[in-house]
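# A structural walkthrough
If you want the building blocks of each chain, they are given just below.
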Amino acid sequence: MQNRGDVLYNTGMRRLYDSRTFSVSTNADCDVGFSRLAASGIFAMGADYSLSGEPCLLPDCESDYDSVSEAVTSGTILERKNPTQADYEEFFDELFETGVRTLVHISAGSEIADDYAAAVKASKNEMVKFPRCQLYVVDSHAFSAGLAPTLYAAIKMRDEGLDGAEAFVKLTALAENARTYFIPSDCEQTRARFPVGFYGRTLNVRPVCSFASKNKLAVLSRPRGNATSRAALARLAADAAVTEAFVSFGYDTDSAVALKHRLEELSPGVKVELNRTGLLADCLIGGDALVLGFIAPPTAND
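Each chain has its residues counted from 1, following the order in which its sequence is written. Restriction of local features to residues with pLDDT of at least 70 applies here, the model being predicted, together with a cutoff of 80 or more for giving and counting side-chain atom pairs; totals for whole chains, interfaces and linings are based on all residues. To get the side-chain values, take all heavy atoms of the structure and skip hydrogens and water.

## Things to note about the sheet that holds strand β6 (residues 102–107)
Following DSSP output, two strands are said to pair if at least two bridges run between them. Under the scheme used here, helices are H or I runs from DSSP no shorter than 4 residues and strands are E runs no shorter than 2 residues, and both carry numbers assigned from the N terminus. Reading across from one edge, β2-β1-β6-β7 is the order of the four strands in this open sheet, with parallel pairing throughout. Unpaired on one side and paired on the other, β2 (42–45) and β7 (134–139) mark the two borders of the sheet. On average, each strand axis in the sheet is inclined to that of its neighbour by 25 degrees, with strand direction left out of account. In terms of strand pairing, β6 meets β7 through six bridges, oriented parallel. Directly across from H105, in β7, lies its bridge partner V137. Strands in contact with helix α5 (residues 148–159) are β1 (23–27), β2 and β6; relative to β1, the strand with the most contacts, it is inclined by about 170 degrees. Axis geometry follows a simple rule: fit a line to the C-alpha atoms, using only the stretch in contact for helices, then measure angles between N-to-C directions, giving values from 0 to 180 degrees. Any two residues whose heavy atoms approach within 4.5 Å are treated as being in contact.

Listed below in structure tokens is the structure:
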């Protein structure tokens with residue numbers, strides 16, 4: 001298992017353990033770059049990947065992202081070995097043995113990957129092994145750009161001095177409103193994962209999707225052309241009246257910037273952050289996918 005939490009110890013973050021009421025961890029293959037996670041004092045739980053059977057390291061610079069995204073889009077298959085309960089126990093062991101006392105872990109959504117279930121099972125054993133420590137696992141109900149707002153909220157709560165239990169309650173409620181929509185890549189990666197065709201190549205269809213469940217897409221609309229698809233994606237955020245949105249992209253920077261501009265046109269004043277897709281997104285929906293994530297404001301029924 002590569003890129004585990006101990007990699008971040010060299011950043012000097014240990015001095016913060018005593019001044020913060022809890023620490024934060026998440027999946028290293030999310031769309032927030034590994035260096036940025038380290039700079040924010042976030043511990044990163046790794047996963048093992050392979051490209052056509054060869055080990056693939058988690059990207060940490062622009063050229064790394066480009067090479068992985070382009071390889072996947074050109075037909076190379078990217079595979080993920082899902083972390084097990086034992087992997088999570090090893091990860092949490094390292095953190096508690098190094099000095100962490102309260103940890104809030106933001107997991108990839110239970111609807112998307114097996115990480116949440118493995119982390120929850122591991123947490124039960126951790127509390128037996130480390131009875132003076134506390135561990136809270138938050139189901140983000142998201143991946144890629146949809147996970148980012150919950151992670152950033154956890155960082156803010158940590159820095160504001162909330163305790164772990166209070167943060168867990170607030171983050172769990174927040175994540176219930178997490179939304180992740182995307183235009184998947186039309187490549188061998190997605191065709192192998194989703195055998196039922198959802199692209200119409202002769203009609204230039206670029207569907208807007210979400211995950212209905214593991215390995216099952218919900219197609220929300222089937223616009224023709226990239227610009228029309230981006231407009232449909234942006235409309236989802238505008239209809240939700242969000243003030244903050246997150247966009248993740250593979251190697252097509254121009255498409256991501258165009259979506260950002262469309263979001264700003266439809267929702268004046270909206271704050272939009274751009275990130276590269278991590279390996280989990282590349283593995284699930286291809287190397288040049290375009291992803292939109294946000295927290296939907298609570299409704300009167302919530």
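## Some points on the pairing of strand β10 (residues 216–221)
Here five bridges tie strand β9 (residues 208–213) to β10, and the two strands are oriented antiparallel to one another. What sits directly across from V208, in β10, is S221.

## So, the sheet that holds strand β5 (residues 78–81)
The strand order across the open sheet built from three strands is β4-β3-β5, with neighbouring strands paired in antiparallel fashion. Looking at strand neighbours, the two that pair on one side only are β4 (54–56) and β5, the edges of this open sheet. Across this sheet, the average inter-strand angle for adjacent strands is 40 degrees, counted without regard to direction. Judged from the three bridges that link them, strand β3 (residues 48–51) and β4 form a sheet pairing that is antiparallel. Bridging from a neighbouring strand, L51 pairs with E54 of β4.

## Here's the deal with the layout of surface pockets
Approximately 420 Å³ is the volume found for the largest pocket. Of the two site types, the cavity is a set of points on a 1 Å grid over the protein atoms alone where a 1.4 Å probe fits but cannot get out, and the pocket is an open set with protein on both sides within 12 Å along at least five of seven lines, each lined by residues with an atom within 4 Å of a point. Lining the largest pocket we find 20 residues, and of these P149, A153, L174, E244 and I295 sit closest to its centre. Counting residues per element, the lining of the largest pocket draws most heavily on α5, which supplies four residues. Taken together, the residues that form the lining of the largest pocket break down as 13 nonpolar, two polar and five charged. Grid points are joined across faces, edges and corners, and a volume is the space filled by probe spheres set on the points. Residues are sorted three ways: Asp, Glu, Lys and Arg are charged, Ala, Val, Leu, Ile, Met, Phe, Trp, Tyr, Cys and Pro are nonpolar, and all the rest, Gly among them, are polar.

## Let's talk about the packing of aromatic side chains
Pairing of aromatic side chains here covers Phe, Tyr and the six-membered ring of Trp, requires ring centres within 6.5 Å, and sorts the geometry by plane angle: under 30 degrees stacked, over 60 edge-to-face, intermediate tilted. In this structure the tally under the stated criterion is nine aromatic pairs. With centroids separated by 5.4 Å and ring planes inclined at 45 degrees, the aromatic side chains of F96 and F130 adopt a geometry described as tilted. Placement of F96 in helix α3 (residues 85–98) and of F130 in the loop between α4 (115–129) and β7 is noted, with a sequence separation of 34 residues between them. Exposure is judged per residue with a 1.4 Å probe applied to protein chains only, and the accessible area is read against the type maximum: over 50% gives exposed, under 20% gives buried, and values in between give partly exposed. On the basis of relative accessible area, F96 is assigned to the buried category, the value being 2%.

## So, helix α6 (residues 164–175)
Any helix carries an expected span of 1.5 Å times its number of residues minus one. Over its twelve residues, α6 runs 16 Å from end to end, which matches the ideal 16 Å to within 8%, given 1.5 Å per residue. Listing the buried residues of α6 in full gives G164, A167, L171 and A175. Buried residues of α6, viewed axially, fall in a sector of 60 degrees; they line one side. Contacts from the buried residues of α6 go to β6, β7, α5 and β8 (178–183). At the N-terminal end of α6, a side-chain oxygen is found 3.2 Å from the backbone nitrogen of A165, two or three residues along, and the residue is D163. By construction, the arc corresponds to the directions joining the helix axis to the C-beta atoms. Pairing of N or O atoms within 3.5 Å defines a polar contact, subject to two protein rules: one partner must be a possible hydrogen donor and the other a possible acceptor, and residues neighboring in sequence count only if both atoms are side-chain atoms.

## Describing the confidence of the model for the protein chain
Confidence scores per residue from the predictor, reported as pLDDT, run from 0 to 100. Per-chain confidence: the protein chain averages 86 in pLDDT, with 87% of residues scoring 70 or above. Taken together, the stretch residues 2–18 has pLDDT below 50 and engages in 47 contacts with residues farther than four places along the chain or on a different chain.

## Notes on the pattern of salt bridges
Opposite charge on two side chains makes pairing possible when the charged atoms of those side chains draw close. Salt bridges are counted wherever a side-chain nitrogen of Lys or Arg sits within 4 Å of a carboxyl oxygen of Asp or Glu. If you walk through the whole model with that rule in mind, you get eleven salt bridges. Note that D159 and R158 form a salt bridge whose closest N and O atoms lie 2.9 Å from each other. A relative accessible area of 4% means that R158 is categorised as buried. Two residues, E265 and R262, come together in a salt bridge whose shortest N-O distance is 3.1 Å. Of this pair, E265 and R262 both sit in helix α9 (residues 253–266), three residues apart, which is roughly one turn of the helix. Connected via shared salt-bridge partners are E89, D93, E126 and K129.

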